[in-house]
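# Observations on the three-dimensional arrangement
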2 protein chains.
Amino acid sequence: MSDTANSTAKTDEERARERLIDLAAKFYDQFDSGDVPEMEIPTRTKSNIVFDEDAGVWVYGDRTSTRSANSVRGARKLLKASYAIEFLARQLEEGRSSTLRELYYLSESWEAEEAHFSDQDESNQLIEDLEIVSGVTREDFHMRPEESGATLMGPLELREQTRRGEREIHCQKDVGEGGYQIPNNPDTIDFLDHDVDFVLCVETGGMRDRLIENGFDDDYNCLVVHLKGQPARATRRITKRLHDELDLPVMVFTDGDPWSYRIFGSVAYGSIKSAHLSEYLATPQARFVGIQPEDIVEYDLPTDPLADSDVNALESELSDPRFQSDYWTEQIELQLDIEKKAEQQALASRGLDFVTDEYLPARLDEMGVL
Amino acid sequence: MSDTANSTAKTDEERARERLIDLAAKFYDQFDSGDVPEMEIPTRTKSNIVFDEDAGVWVYGDRTSTRSANSVRGARKLLKASYAIEFLARQLEEGRSSTLRELYYLSESWEAEEAHFSDQDESNQLIEDLEIVSGVTREDFHMRPEESGATLMGPLELREQTRRGEREIHCQKDVGEGGYQIPNNPDTIDFLDHDVDFVLCVETGGMRDRLIENGFDDDYNCLVVHLKGQPARATRRITKRLHDELDLPVMVFTDGDPWSYRIFGSVAYGSIKSAHLSEYLATPQARFVGIQPEDIVEYDLPTDPLADSDVNALESELSDPRFQSDYWTEQIELQLDIEKKAEQQALASRGLDFVTDEYLPARLDEMGVL
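Structural notes, computed from the coordinates. (Residues numbered from 1 in each chain as written. Chains lettered and ligands numbered in written order. Predicted model: local features only at pLDDT ≥ 70, side-chain atom pairs only at ≥ 80, totals over all residues. Heavy atoms only, no water.)

Our next topic: the relation of the copies chain B and chain A. Mapping chain B onto chain A calls for a screw motion: a turn of 180° about the axis and a shift of 0.0 Å along it, with 0.1 Å RMSD after fitting. Viewed as a symmetry operation, the transformation between the two copies matches a two-fold axis. Looking at the rotation axis and the C-alpha trace of chain B, the residue lying nearest is Q181(B), at 3.1 Å. (Least-squares fit on C-alpha atoms with pLDDT ≥ 70 in both.)

Following this line, the structure appears as structure tokens:
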């Protein structure tokens, strides 16, 4: 939602800046009327997380806690918040950006020594608090993540606003085999045109490359999003936008083990740790293609035995509200029963083309996508 | 060195195929003349690694060991090698490719059950053996790595041969802020034109983004290569080609800790584990920019104390032939003395522009690059 080169985006920047300054103004007003300054934020514990059935995502409940300057510790927290707000407001004014880590180090240059962050957890936590209280995401503060997003390949033409001007890029014709690299803030992207029928998010690089080599994106008008394991914020954000703005089905294709189901969960439902971002990052309509425990049996795939940690993770998923459907209960119970897991690339035991000629077409047809 | 769409590259493919078939033919000839088939390979232990002073890289010494079919275990190994050679030769003929993991799973479909790999270490090891014996790299067998390369940004125009035809890409004007994604096999790239004065390999994403945001690539005609931590083969290979073919200085900019010095070492000298690849992947002329222990002192950077594992790693570097220069001995001893390490982004404690306005220009001037 932010960019320097474009007027709609400028409004987002101004909005983010205003909300930050409102927070600082509140401290000022509290001082002015003789009150001890304080900031109220939702309690961020597991007990204050509720599943919003309508939106299909996790959000914070009603409980709040108060950061008050009535103790030295609390006063220091608000001092740090004020410095951080000043820095972020100036950064937005100048159309610049920075990383969480840079913010931590930069605090060393702040005049009041009491305002220096003692470790990076503290500055990360403060930025999360500011996100929650202001209702503006970190990306709109122009805080860049350290981890970069992954890549796209498929029949999509987009325009990216860069600091050096606009770039119009077709994600098949204008890129190499590596694909289009998702920028840190994918809200600088406008979708121009596409022939995409569905989005396929793929966990591993080996499988992503197999699909591209076999021309699956071309043959099935599919946009392949590489998740690169647990997906970065930028990858989840662009996936959500592809669904919401282009009305595209989002399918998730991972290894067949409990950690990969969590990858699906983070695309579809968001994480408990960042429930305030669910509406910005999660795609509740995303659907799981496989590898399903059922596939392991049906296709007699090469497997590894479940480790104890796998069994524990599966059992914890059985009681996780995000995996409460009949489908997931059945699959997870089947996996606990067969005591096996399989990787995406295990499909190669039936030949390199099995995944694109048989497995995916069959699964996608079954799911009504083809 | 391999591609389907271009005639020079086709020769490389044919050459790789011929060398593989030569290996199998040798087994045939041995059978034919009544000898027990065998394969001789350099011994791959630390004691058989020598530092080639001229090339500045690690290579295997003269000792060899023999895989012979005179035992069931040895015969099985040669059987697996024969199947793998057949698979690779066909793959090259068809202009296809696959991953190491796919090869492992694919062996399940081979007729002789004795030829199935029992785990992935075994198939990985076999491919390394074939690389060494044939003198052809894995990339030329069309084996793709699982890990993808990183990105380039700077005044370089290149042509990539993709399966879908040629792509001409300028690594500033035709890419988004994420940059150009290096393909798995960078030997499909031809360098067309450039205004690059030097290559700067950068360890972290946060610092890479800082340099791009500040326009360092533009202001200094610098090609920024993101290493993404320990660099993938594709990243090291393209760095070497940039040095060798375009005669560009290669500078490496990392965090100031022993693990980052190893990242520098892997760019510059290659690793002991894959000494047969040093001449293909290592850039012995690469130079270390920083963060130097000296910088920690001179710029009074925010630091973390050395952990015990850091101290051990530094001490092991002191006795590592790759770090035997006066420069490295001095820096490592200084670091053991001050007992501190610092990250690249710690430079932000002096402001977000310090790295591009002062630190890098001063260091690069000192090193004679500017």
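It is worth spelling out the interface of chain B and chain A at this point. At the interface, 51 residues of chain B touch 51 residues of chain A. Of the roughly 4,500 Å² buried between chain B and chain A, counting both surfaces, carbon and sulfur atoms make up 43%. A per-residue breakdown of the area chain B buries against chain A is headed by Y105(B), R164(B) and E213(B), which together make up 16% of the total. In this assembly, chain B and chain A are joined by 16 salt bridges. A salt bridge links R96(B) to D353(A), with the shortest nitrogen-to-oxygen separation between them at 2.7 Å. Counting every contact that joins chain B to chain A gives 35 residue pairs in polar contact (both at pLDDT 80 or more). Contributions of two or more residues to the side of chain B that touches chain A are made by α2 (72-93), β5 (98-99), α3 (100-106), β8 (156-162), β9 (165-170) and α5 (205-213) of chain B. No other element matches α5(B), which puts six residues into the side of chain B that touches chain A. Taken together, the residues that form the side of chain B that touches chain A break down as eleven nonpolar, 20 polar and 20 charged. (Contact = heavy atoms within 4.5 Å. Buried area = accessible area lost by both parts, 1.4 Å probe. Salt bridge = Lys/Arg side-chain N within 4 Å of Asp/Glu carboxyl O. Polar contact = N/O pair within 3.5 Å; in protein donor to acceptor, adjacent residues only side chain to side chain. Helix = DSSP H or I, 4+ residues; strand = E, 2+ residues; numbered from the N terminus. Nonpolar A, V, L, I, M, F, W, Y, C, P; charged D, E, K, R; others polar.)

On to the packing of helix α11 (residues 308-318) of chain A against helix α12 (residues 326-338) of chain A, then. All names here are of chain A. At a closest axis distance of 10 Å, the pairing of α11 and α12 adopts a crossing angle of 155°. Relative to α12, α11 is oriented roughly antiparallel. The handedness of the crossing between α11 and α12 is left-handed. Judged by residue contacts, V311, L314, E315, E317 and L318 of α11 engage T329, I332, E333, Q335 and L336 from α12. When the residues that make up the contact of α11 with α12 are grouped by side-chain class, the tally is five nonpolar, two polar and three charged. (Axes fitted to C-alpha atoms, helices over the stretch in contact; angles between N-to-C directions. Parallel < 35°, antiparallel > 145°, perpendicular 65-115°, else oblique. Left-handed = near helix turned anticlockwise from the far one by under 90°.)

Residue and element names in this part refer to chain B. The final tally for this structure, using the stated rule, is 31 aromatic pairs over all chains. Consider the rings of F253 and Y359, whose centres lie 5.9 Å apart with planes at 25°: the pair is stacked. With F253 in strand β14 (residues 250-253) and Y359 in helix α13 (residues 354-366), this pair connects stretches of sequence that are 106 residues apart. We note that F253, like Y359, is buried. A centroid spacing of 6.0 Å and a plane angle of 85° characterise the contact between F264 and Y269, whose relative ring orientation is edge-to-face. Neither residue differs from the other here; F264 and Y269 are each classed as buried. (Phe/Tyr/Trp six-rings, centres within 6.5 Å; stacked < 30°, edge-to-face > 60°. Buried < 20%, exposed > 50% of the residue type's maximum accessible area, 1.4 Å probe, protein only.)

With that settled, the discussion passes to α5(B). Within α5(B), nine of the nine residues are buried, leaving the element largely enclosed by the surrounding structure. The first or second residue beyond α5(B) is G215(B), which carries a positive phi of 70°.

Right, let's talk about the side chain of Q91(B) for a bit. Tracing the backbone through its elements, the reader meets Q91(B) in helix α2. A polar contact of 2.7 Å, which involves the side chain of Q91(B), links it to the side chain of S98(B). Polar contacts involving the side chain of Q91(B) include one to the main-chain carbonyl oxygen of F141(B), which spans 2.9 Å. When neighbours within four sequence positions are excluded, Q91(B) is seen to be in contact with L352(A), R96(B), S97(B), S98(B), F141(B), H142(B) and M143(B).

This part is about helix α4 (residues 120-134) of chain B. Residue and element names in this part refer to chain B. An ideal rise of 1.5 Å per residue puts 21 Å on 15 residues; α4 measures up with 21 Å between its terminal C-alpha atoms. Taking burial as the measure, the 15 residues of α4 include eleven buried ones, the bulk of the element. Residues of α4 that are buried include every one of Q120, E122, S123, L126, I127, E128, D129, L130, E131, I132 and S134, and no others. Phi turns positive one or two residues past the end of α4, at G135, with a value near 70°. (Expected span 1.5 Å × (residues − 1).)

Right, let's get into the pattern of salt bridges. Enumeration according to the criterion identifies 56 salt bridges over all chains in this entry. The partner of R237(B) in a salt bridge is D187(B), with the nearest N and O atoms 3.0 Å apart. A residue pair is termed long-range when its members are at least 10 positions apart, and R237(B) in helix α7 (residues 233-246) and D187(B) in the loop between β10 (180-181) and β11 (189-194) qualify at 50 residues. On the basis of relative accessible area, D187(B) is assigned to the buried category, the value being 12%. Three or more residues joined by partner-sharing salt bridges are found here, namely R96(A), E102(A), R144(A), R163(A), E177(B), R210(B), E213(B) and D353(B).

For the rest of this paragraph, the subject is a negative patch on the surface. Residue and element names in this part refer to chain A. Residues E294, E298, D326, E330 and E333 make up a contiguous surface patch of negative charge. Mapped onto the negative patch, the elements with two or more residues apiece are α10 (293-298) and α12. Among the elements that make up the negative patch, the one with the highest residue count is α12 (three residues). Residue placement: D326 occurs in helix α12. (Patch = residues over 30% accessible without salt bridge, like charges linked within 9 Å, V, L, I, M, F, W, Y side chains within 5 Å. Areas by Shrake-Rupley, 256 points an atom, 1.4 Å probe, with all protein chains shown as cover. Lys, Arg positive; Asp, Glu negative; His and termini not counted. Charge placed at Lys NZ, Arg CZ, Asp CG, Glu CD.)

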